[in-house]
Amino acid sequence: MAEEIFAGLDDIRWARMRHAYGPAADVPALLRGLADPDPAVRENALDGMYGAVHHQGDVYPCTVAAIPFLLRLAAGPGVPGRAEVVRLLAGIGSAEDPTELAGAYRKANQAVAEAYPLWEKLLEDADPRVREAVTEVLPACTRRGRAALTLLTARLPHESDASVRIAIVRTVGTLARAEDDAGPEPSDWLAGVAAAEPDVRLRLVALTELGADDALDLLAAVYRTGTAVTEPAGFETAGFETATLVGAVRRLREQAAQGRRAPEAADLVRGVSRSYGDRVAERVRLLTGLLRSPEWECHVDALPVADHLVSGWRGDYRELVALVGDRIRDGHPRTRPAAVRALEDLGELALPAVDALAEALESTPRRAVPHPEADGADLPWVIEWASGPPSVSPGVRVLARAGDPRALPMVAWALDHEPMPNHAASCVVSLATRAAPLVPLLVARLRDLPADDRFDDRRDDVAYALAAIGPAAAEALPALLAGPHTQAVIRALAKVAGTAGDITDALRGAAGADDRRTAVTAARALWEAAGDAEPALAVAGRHLDGDDRFAWRDAAELLAVVGQATKPQLTRLRRLTRRKDPHCWLVLSAARALWRVTGDPEPLLPVLERAWETNAHTRREVATLWAEAGPAAAGAGTLLADELARARRHNAREGSYSSDQVTADEDLVKRCREALTAIGAP
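Residues numbered from 1 in each chain as written. Predicted model: local features only at pLDDT ≥ 70, side-chain atom pairs only at ≥ 80, totals over all residues. Heavy atoms only, no water.

1. Side note on the overall build of the chain
Across its full length, the chain holds 38 helices and five strands. For the chain, whose C-alpha radius of gyration is 29 Å, the value lies close to the compact-globule estimate of 26 Å for 682 residues. Expressed along its principal axes, the backbone C-alpha trace of the chain runs to roughly 85 × 60 × 60 Å. Burial statistics for the chain: of 682 residues in total, 51% are counted as buried. Contacts in the chain between residues at least 24 apart in sequence constitute 64% of all its contacts with a sequence separation of at least 6. When the accessible surface of the chain is split by element, carbon and sulfur atoms take 51% of a total near 31,400 Å². (Helix = DSSP H or I, 4+ residues; strand = E, 2+ residues; numbered from the N terminus. Rg over C-alpha atoms; globule rule 2.2 N^0.38 Å. Buried < 20%, exposed > 50% of the residue type's maximum accessible area, 1.4 Å probe, protein only. Contact = heavy atoms within 4.5 Å. Areas by Shrake-Rupley, 256 points an atom, 1.4 Å probe, with all protein chains shown as cover.)

The following block contains the structure:
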């Protein structure tokens, strides 16, 4: 069997192809490993395929070359691990080309789709895990969508495995949405399943695919009756484990299912919420209903979905966040950590839960907790890691970012801890002047933290904290003056000391530094602290004359702050506004500088509209500049109103996330409203 499957494998010049980590010479060994009888060998091989050959969804020529062998593995009735191979093919066949070109992505899709007769056959395979995996491949067969719909709907009455039945119904919904000419038949079929099937999970999935609103009662029934529990793979009892990402994901899934009556309900909750799309109110209604339930399983499934909702969509989340706070008060070891994680990056949106969080943190013993123990009922102030310095816990960071003074004792304790945790000083920034009592601790840390380790940001974090406190941190001046004068220290000198003579001397010295960022930061600090524009004009001129795009932008930003420029600099700025700039950051900086110096909106407005349409991440700055331009920017009213009408956050993208996603979007909404008022829009 193996000889037939791998016939011709060694005839391919794999070493001439590449994958994510270099030459693809290891692909034959990975492919053979997928068929090994040892589950640990198979898991290592699968991890290698996902990690290198199909890295983060990418498709390379070696990925395409591997498809015929993967298809043979999937077709071999005695081959172990076929379900995982089929799922790998589903990912390869459905991968999207990020460049929107043909090439390997299209070839991969064609190769997987042309194997459609195999997928028809495997939908009746003896192994239910293989049958379930096949449902994930069918959406890649884009030209056989209607045939796949017929195949799946005909299969359901004959399918005995509950998980496969659920997968069939879910894939019917996926295919129906993808087929422009599917007609009403799939929706009618789904409605029939939702109305007549005795399995409440199947009815729930059908309702989800229809986007129906009445799913909460069915979910409650699923939690009451329970679902199948997947047995662990048995690696630990056999005395071995694999150090792979695939293995780590498997272990997390196994751990999450422990002690649960309905572990499959988590996927159902995610599916129902996803089915509502931009209907935020329905999503909130679903999740608040689950969070009010007396069942902790409902809570643990709703919390990550609530986190995903708030991070990706705009809405009124006060009630939802208050219920997250109630789950912190519960103190349940499975739900309390998840509730804190749901608050971590919400900024001011976390305020309805802050009292509950503060109460829980204040009742925690003052000790640093090793990471494996930190995910429990007690909320630690500091978490220790296997390597590197400890870190301030997410709960303390949420409380500090809310500007709550109850965080002060916790931050003080963290600052005094040895070694000083990461994030301890950055917690001070949001507390601002309320953190003035912490200045002695910050000064001590400024003096004892290493200043020559480019991988250690803690000393700069202390300087930023002192800058946030401002003149109330004056006792830190000697330590700041002692250097080294990094950008963070320079900023702190200006914010803490103002126009003191010895401070301006230090800033003038830094403005002459060869390092561009140090010089720009110092020149800006001199302007803000002493109103001295001469160093800023000199630094900007030096960097505008070079050939570094990043230097051009830094120089333009500096001139925008100062609001002054020489005639040659103005000429250079005008040229920069006309440059090709795919992300528009450079042209935006140049236009802002021109506007701030000349007060003429004519060169500014076309650049603002271009940046707004090209790069959503520029919109906060663009909205602010429209507000500055006032009635001259009246033409932007439609764009601003359209943005405010959006349900999705402007920076939300499927498959990606940033820690400032919520706070940045909430800030954009605020700026858009201010801009509409400034331009005189109704």
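2. Topic: the packing of aromatic side chains
Tallied over the entire structure, the rule returns three aromatic pairs. With a centroid separation of 5.9 Å and an interplanar angle of 80 degrees, the aromatic rings of Trp381 and Trp413 are classed as edge-to-face. Note that Trp381 is positioned in the loop between α21 (371–374) and β4 (382–384) and Trp413 in helix α23 (residues 408–415), a separation of 32 residues in sequence. Overall, Trp413 belongs to the partly exposed group, its relative accessible area being 21%. Pairing Trp612 with Trp626 gives two aromatic rings, centres 5.0 Å apart and planes at 45 degrees, and the pair type is tilted. One end of the pair, Trp612, is in helix α35 (residues 604–614); the other, Trp626, is in helix α36 (residues 619–629), and 14 residues separate them in sequence. One Lys or Arg, Arg283, reaches over the ring of Trp313 and ends 4.1 Å from the middle of that ring. The residue whose ring lies beneath Arg572 is Trp552, and the NZ or CZ to ring-centre distance is 4.7 Å. (Phe/Tyr/Trp six-rings, centres within 6.5 Å; stacked < 30°, edge-to-face > 60°. Lys NZ or Arg CZ within 6 Å of the ring centre and 35° of its normal.)

3. So, empty space enclosed by the protein
For the coordinates displayed, the defined rule picks out three cavities of 30 Å³ or more. The space that makes up the largest cavity amounts to roughly 40 Å³. What lines the largest cavity is simply Ala306, Asp307, Val310, Val321, Val324, Ala342, Leu343 and Leu346. Listed by contribution, the elements that provide at least two residues to the lining of the largest cavity are α17 (296–312), α18 (318–330) and α19 (336–343). No other element matches the three residues that α17 contributes to the lining of the largest cavity. Residues belonging to the lining of the largest cavity are distributed by class as follows: seven nonpolar, no polar and one charged. (1 Å grid on protein atoms, 1.4 Å probe; cavity = no way out; pocket = protein on both sides within 12 Å on 5 of 7 lines; lining within 4 Å. Points joined across faces, edges and corners; volume = space filled by probe spheres on them. Nonpolar A, V, L, I, M, F, W, Y, C, P; charged D, E, K, R; others polar.)

4. Observations regarding the nonpolar core
The biggest cluster of nonpolar side chains holds 175 residues, and the ones touching the most others in it are Leu31, Leu70 and Trp119. With nine residues, the single largest contributor to this core is helix α4 (residues 61–75). For Leu70, the contacting residues outside a window of four places in its chain are Leu31, Leu34, Met49, Val85, Leu88, Leu89 and Ile92. Residues Leu625, Trp626, Cys672 and Ile679 belong to the second largest nonpolar core, which totals 24 residues. (Core = buried A, V, L, I, M, F, W, Y, C linked by side-chain atoms within 4.5 Å.)

5. Some remarks on the side chain of Asp456
Inspection of the secondary structure assignment puts Asp456 in the loop between α25 (439–448) and α26 (458–469). Classification of Asp456 by relative accessible area gives buried; the value is 15%. Looking at Asp456, its side chain comes within polar contact range of the side chain of Arg458, at 2.8 Å. (Polar contact = N/O pair within 3.5 Å; in protein donor to acceptor, adjacent residues only side chain to side chain.)

6. Thoughts on the pattern of salt bridges
Per the counting criterion, the structure on display carries 44 salt bridges. Among the salt bridges present, the one from Glu84 reaches Arg129, with a minimum N-O distance of 2.5 Å. Residue Glu84 is found in helix α5 (residues 82–94), and its partner Arg129 is found in helix α8 (residues 128–137); the two are separated by 45 residues along the sequence. Notably, a salt bridge pairs Glu628 with Arg596, separated by 2.7 Å at the nearest N-O pair. Placement of Glu628 in helix α36 and of Arg596 in helix α34 (residues 585–598) is noted, with a sequence separation of 32 residues between them. Residue classification places Glu628 among the partly exposed positions, given a relative accessible area of 34%. A residue is classified by how much of its surface remains accessible, and Arg596, at 32% relative accessible area, is partly exposed. (Salt bridge = Lys/Arg side-chain N within 4 Å of Asp/Glu carboxyl O.)

7. So, unusual backbone geometry
Note that the residue after Glu418, namely Pro419, is joined by a cis bond; omega there is -10 degrees. When you line up the elements, Pro419 lands in the loop between α23 and α24 (426–431). Cis peptide bonds are those with omega within 30 degrees of zero, and the linkage from Gly483 to Pro484 qualifies with 0 degrees. When you line up the elements, Pro484 lands in the loop between α27 (477–481) and α28 (487–497). The phi torsion at Gln56 lies on the positive side, around 50 degrees, for a residue other than glycine. You can see Gln56 is positioned in the loop between α3 (39–53) and α4.

8. What about the packing of helix α37 (residues 637–644) against helix α38 (residues 661–679)?
In contact at an axis separation of 10 Å, α37 and α38 are set at 145 degrees when each is read in the N-to-C sense. By crossing handedness, the relation of α37 to α38 is classed as left-handed. For the pair α37 and α38, contact is made by Gly637, Leu640, Ala641, Glu643 and Leu644 and by Leu668, Val669, Cys672, Arg673, Ala675, Leu676 and Ile679, respectively. (Axes fitted to C-alpha atoms, helices over the stretch in contact; angles between N-to-C directions. Left-handed = near helix turned anticlockwise from the far one by under 90°.)

9. Considering the sheet that holds β4
In spatial order, the strands read β3-β4-β5; together these three strands make up an open sheet with mixed pairing. Two strands close off the open sheet at either side, each with one partner strand: β3 (368–370) and β5 (391–392). Bridge analysis of β4 against β5 gives two bridges, and the strand direction is antiparallel. Note that in β5 the partner of Ile383 across the bridge is Ser391. (Pairing = 2+ DSSP bridges.)

10. Considering the layout of surface pockets
Approximately 670 Å³ is the volume attributed to the second largest pocket. Along its surface, the second largest pocket is lined by 23 residues, and Gln487, Arg517, Val520, Thr521 and Arg524 are the ones closest to its centre. Looking at which element gives the most residues to the lining of the second largest pocket, the answer is helix α30 (residues 516–530), with seven residues. Taken together, the residues of the lining of the second largest pocket break down into seven nonpolar, five polar and eleven charged.

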